[in-house]
Structures are given as C-alpha cells and as structure tokens.
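Residues per chain are reported as follows:
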Amino acid sequence: MSDRESEPGGVAVVGLGRFGGQLAGSLIRLGHEVLAIDRNADLVQRWSDQLDRVVQADATDEDALRQVGISDFRRVVVAIGASVEASVLTVLAMVELGVSQVWARATSDKHAKILAAVGAHHVIFPEAETGERVAHLIVTRMLDFIEFGDDFAIAKVRVPEALAGKSLSQVRPTDQYGIRILGAKLPGEPFEYASDSTVLRPEGVLVVEGGLDQLQRFAELT
C-alpha cells in the first residue's frame, strides 16, 4: 500500500450504501468527524441520526461539493458502487478540487485502473476489505493489518525514525510500547525473523503484533 500520513480532522464519505455506511460508522467510533454525502434522499434520511453531518448532494458536481465544504477535508472516500460513471466522475471532481487523499471503491479490476488513471490515491475492494478495516488504514500510519478479535492484531509499519539504527535489545518494544516485533524487511532483501540482535534500519518495514491501540500508537512514531 502507498505511504500515507495520519492526519487530524475529519473524513468525507461519498455514497451511503452498505460499505459506505459501515465505513462512516467505523470512523465515528474511532473518534473522527465524518461528512457523509449521497444523492439519495432516503439514504440521507436513514443515516441522519447516526452521523455528524449527512447531506444530499450530487458529488459529481464540483459546485455542489464546494457548497458542502469538501475543501475542509483532506481525506475523502468515494464509496459509490452502483454506478461506475458516478464513481469515476466523483473521483475526478475531488482531484480537481485539490483533495490530498482520495480513496475510491472499485467493483472490478478495470474499474480500479480507471480510478487510478483519473487520480485516486488509494483504490479499495470492499468485497475483500471491511469498512472497519479501511477506516483504521485511513486514519492511522499502519501500512496494513489483520485483526484477530479480542483486541489482537498483526500489522505492517515503517521503522520509526527515533528507533532507526538501534537493536531490539536496545529498544525493548514489549516493555516500552506493549508490542512485539516479529520480523523486518528491507527493500530487495528477504524477510528476516526478529531477534535481540536485529537492527532496525530506517528504510525497513516491520511486522509487529499486539493490541490494536498499542499498534496504532507504535505506528504513530513513524
């Protein structure tokens, strides 16, 4: 997955179908402001009591997006699945308005290629990724993660700058951060299981395990 920053502020979600609604709800539970947009009045009404701001608007219309304040959001998720045309035009509108992180839902490989071609920064396939998982990836610095329930997960993170050049015996990640480093991967080199002598290289990627909150805090060090 692409490198990205964990940024303060809210997230705009366009499209309140099953995936978009689940994603918006997960972002709310993670403590983030959400602006939800859909052109369907029934969906807007259904979600109006559960989300911070829900507006009815045509997200393919740049003027309409300006009116709802989309420029206040650095992260936008285009969760439209029913219409490829509306999905692509919405992504294009977001790019034209200068949104710095556009996540877009794809329903096929061909759809994904078109979304990337018009400027989507991250393309997701809801059939393989739940709304809750995507919410975590949007608002944290984890590159990837798998949650196993009971607040336990394995994640992929970049080596934190403050820890670069140190060995695991110096870092003591379990004592200091409540997580365990399983291994490290350098570009162009095979995966290496971690030992006390493992040195954390600045360009490396780590595979770590622990509670989800602890993993997120460790990822924020990067």
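Residues numbered from 1 in each chain as written. Predicted model: local features only at pLDDT ≥ 70, side-chain atom pairs only at ≥ 80, totals over all residues. Heavy atoms only, no water.

Per an unreviewed UniProt entry, the protein goes by Potassium channel family protein and derives from Micromonospora azadirachtae.

(A) Representation of helix α9 (residues 212–219) within the structure. Among the residues making up α9, those that are buried are Leu-212, Leu-215, Gln-216, Phe-218 and Ala-219. The buried residues of α9 occupy an angular sector of 160° when projected down its axis, which confines them to one face. (Buried < 20%, exposed > 50% of the residue type's maximum accessible area, 1.4 Å probe, protein only. Helix = DSSP H or I, 4+ residues; strand = E, 2+ residues; numbered from the N terminus. Arc of directions from axis to C-beta.)

(B) Quick peek at the packing of helix α4 (residues 84–96) against helix α5 (residues 109–117). In the contact formed by α4 and α5, the axes pass within 9 Å of each other and the chain directions differ by 20°. By the angle between their directions, the pair α4 and α5 is classed as roughly parallel. Of the two elements, α4 crosses α5, and the hand of that crossing is right-handed. Contacts between α4 and α5 involve Val-84, Ser-87, Val-88 and Val-91 on the former and, on the latter, His-111, Ile-114 and Leu-115. Of the residues belonging to the contact of α4 with α5, the class tally is five nonpolar, two polar and no charged. (Axes fitted to C-alpha atoms, helices over the stretch in contact; angles between N-to-C directions. Parallel < 35°, antiparallel > 145°, perpendicular 65-115°, else oblique. Left-handed = near helix turned anticlockwise from the far one by under 90°. Contact = heavy atoms within 4.5 Å. Nonpolar A, V, L, I, M, F, W, Y, C, P; charged D, E, K, R; others polar.)

(C) Inspection of the confidence of the model for the protein at higher detail. Confidence along the protein averages 84 in pLDDT terms, with 88% of residues attaining 70 or more. Overall, residues 1–8 carries pLDDT values under 50, and its contacts beyond four positions in sequence, including any with other chains, amount to 28 contacts. (pLDDT = per-residue confidence, 0-100.)

(D) The arrangement of the packing of aromatic side chains in detail. Evaluation of the coordinates by the stated rule reveals two aromatic pairs. Ring geometry for Phe-191 versus Tyr-193: centroids 5.1 Å apart, planes at 90°, classification edge-to-face. Given the relative accessible area of 38%, Phe-191 is considered partly exposed. Given the relative accessible area of 67%, Tyr-193 is considered exposed. (Phe/Tyr/Trp six-rings, centres within 6.5 Å; stacked < 30°, edge-to-face > 60°.)

(E) Expanded view of the pattern of salt bridges. This structure, assessed with the given rule, holds six salt bridges. When the shortest N-O distance is used, the salt bridge between Arg-172 and Asp-175 registers 3.5 Å. For Arg-172, a relative accessible area of 43% puts it in the partly exposed group. Within this structure, Glu-62, Asp-63 and Arg-66 form a network of salt bridges that share partners. (Salt bridge = Lys/Arg side-chain N within 4 Å of Asp/Glu carboxyl O.)

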